[in-house]
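A structural walkthrough
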Amino acid sequence: MNELLQLAADPAAWAALVTLVVMEVVLGIDNLVFISILSNKLPPEHRQRVRRIGISLALIMRLVLLSTIAFIVGLTAPVFDLGITGPVGSHGEPGFETAFSWRDLILIAGGVFLIWKATKEIHHTVDPGVSDDVLEKDKATVVISNVGSAIFQIILLDLVFSIDSILTAVGMTDHLPIMIIAVIIAVTVMLLAADPLANFINSNPTVVMLALGFLLMIGTVLIAEGFGAHVPKGYIYTAMAFSAGVEGLNMMARKRNAKKTD
């Protein structure tokens, strides 16, 4: 209790909390976009429940991982090294390396899964034919397995994003209470934004394609980071924001043209 009171009276702790909340919310956007796209593949009566389950699992995973910080930090220790490094950049660090830790392997696996999933969904969007995909909307006879499949895939990505989130938190502050509060606030924001974001994506087909493009980019970044290539997050989210802004202008133009034709 004394530690909490000391943190509450420390302006630096409040600054760390605000910064970490912002970082956790930004990192949670990737997780939320995936959950929104995946839940929209389900029948309408199951979507909200699956989104809430997915985000609740994200919170539980983050809190569990926070309780094992020593283990999580240990995931950054190299497990094996292939002895290959890229050219040295302007900051004196190699462009990539092959000294893989468990964190690197998890990021690479998560990136490959995201690229596979996004590519598959883009294919279904561009060529909507008869498919054996268990997540097809028109297969009412497999609704139960649909929900189970969606939750399983959400769990896999929750794990990847949770580890990345907790390692970010560990790198920004040494105080566990600040990490816990920041994670709870960030996941609460995700919970509040989940339904509006998913409904917006579902009602705008072009936004679906844009979101799938984001998932492809995020998957590529995860693989790059797994190979030791540092990709500044600011560049990624600036590109996403710019693309979303352009699509917003296109949507406004389409609505105005529709009104003129009416």
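Here, every reference points to the structure presented above.
Because the structure is a prediction, the values reported are computed rather than measured.

Below, the discussion takes up empty space enclosed by the protein. With the rule as written, the count across this model stands at one cavity of 30 Å³ or more. Roughly 100 Å³ of volume is contained in the largest cavity. Every residue lining the largest cavity is listed: Leu 27, Asp 30, Phe 161, Asp 164, Ile 218, Val 221, Leu 222, Lys 233, Ile 236 and Tyr 237. Elements that contribute at least two residues to the lining of the largest cavity include exactly α2 (11–39), α6 (143–172), α8 (205–226) and α9 (233–261). Here the residues of the lining of the largest cavity are counted per class, giving seven nonpolar, no polar and three charged.

For the rest of this paragraph, the subject is the side chain of Asp 104. Tracing the backbone through its elements, the reader meets Asp 104 in helix α5 (residues 102–126). Looking at Asp 104, its side chain comes within polar contact range of the main-chain nitrogen of Ser 101, at 3.0 Å. Beyond its immediate sequence surroundings of up to four residues, Asp 104 is in contact with Ala 99, Glu 225 and Gly 226.

Of all eight residues in strand β1 (residues 78–85), zero are buried; the element is thus mostly exposed. When β1 meets strand β2 (residues 97–101), the two strands line up antiparallel, connected through four bridges. Residue pairing in the sheet places Phe 80 in a bridge with Phe 100 of β2.

Parameters at a glance
- Residue positions are given per chain, counted from 1 along the sequence in the order it is written.
- At least 70 in pLDDT is required for a residue's local features to be given in this predicted model, at least 80 for side-chain atom pairs to be given and counted, and no such filter applies to totals for whole chains, interfaces and linings, which use all residues.
- The side-chain quantities take in all heavy atoms of the structure and omit both hydrogens and water.
- Here a cavity denotes a set of grid points, spaced 1 Å apart and computed over the protein atoms alone, in which a 1.4 Å probe fits but from which it cannot get out, and a pocket denotes an open set meeting protein on both sides within 12 Å along at least five of seven lines; residues with an atom within 4 Å of a point are reported as lining.
- Grid points are joined across faces, edges and corners, and a volume is the space filled by probe spheres set on the points.
- We count a stretch as a helix when DSSP gives it H or I for four or more residues in a row; a strand needs E for two or more, and each element gets its number in order from the N terminus.
- For this classification, the nonpolar set comprises Ala, Val, Leu, Ile, Met, Phe, Trp, Tyr, Cys and Pro, the charged set comprises Asp, Glu, Lys and Arg, and every other residue, Gly included, is treated as polar.
- Pairs of N or O atoms within 3.5 Å make up the polar contacts considered here, provided that, within protein, one atom can donate a hydrogen while the other can accept it, and that residues adjacent in sequence are counted only when both atoms are side-chain atoms.
- Any two residues whose heavy atoms approach within 4.5 Å are treated as being in contact.
- Three exposure classes are used, based on accessible area relative to the maximum for each residue type with a 1.4 Å probe and protein chains only: buried under 20%, partly exposed in between, and exposed over 50%.
- Strand pairing is assigned whenever DSSP detects at least two bridges linking the two strands.

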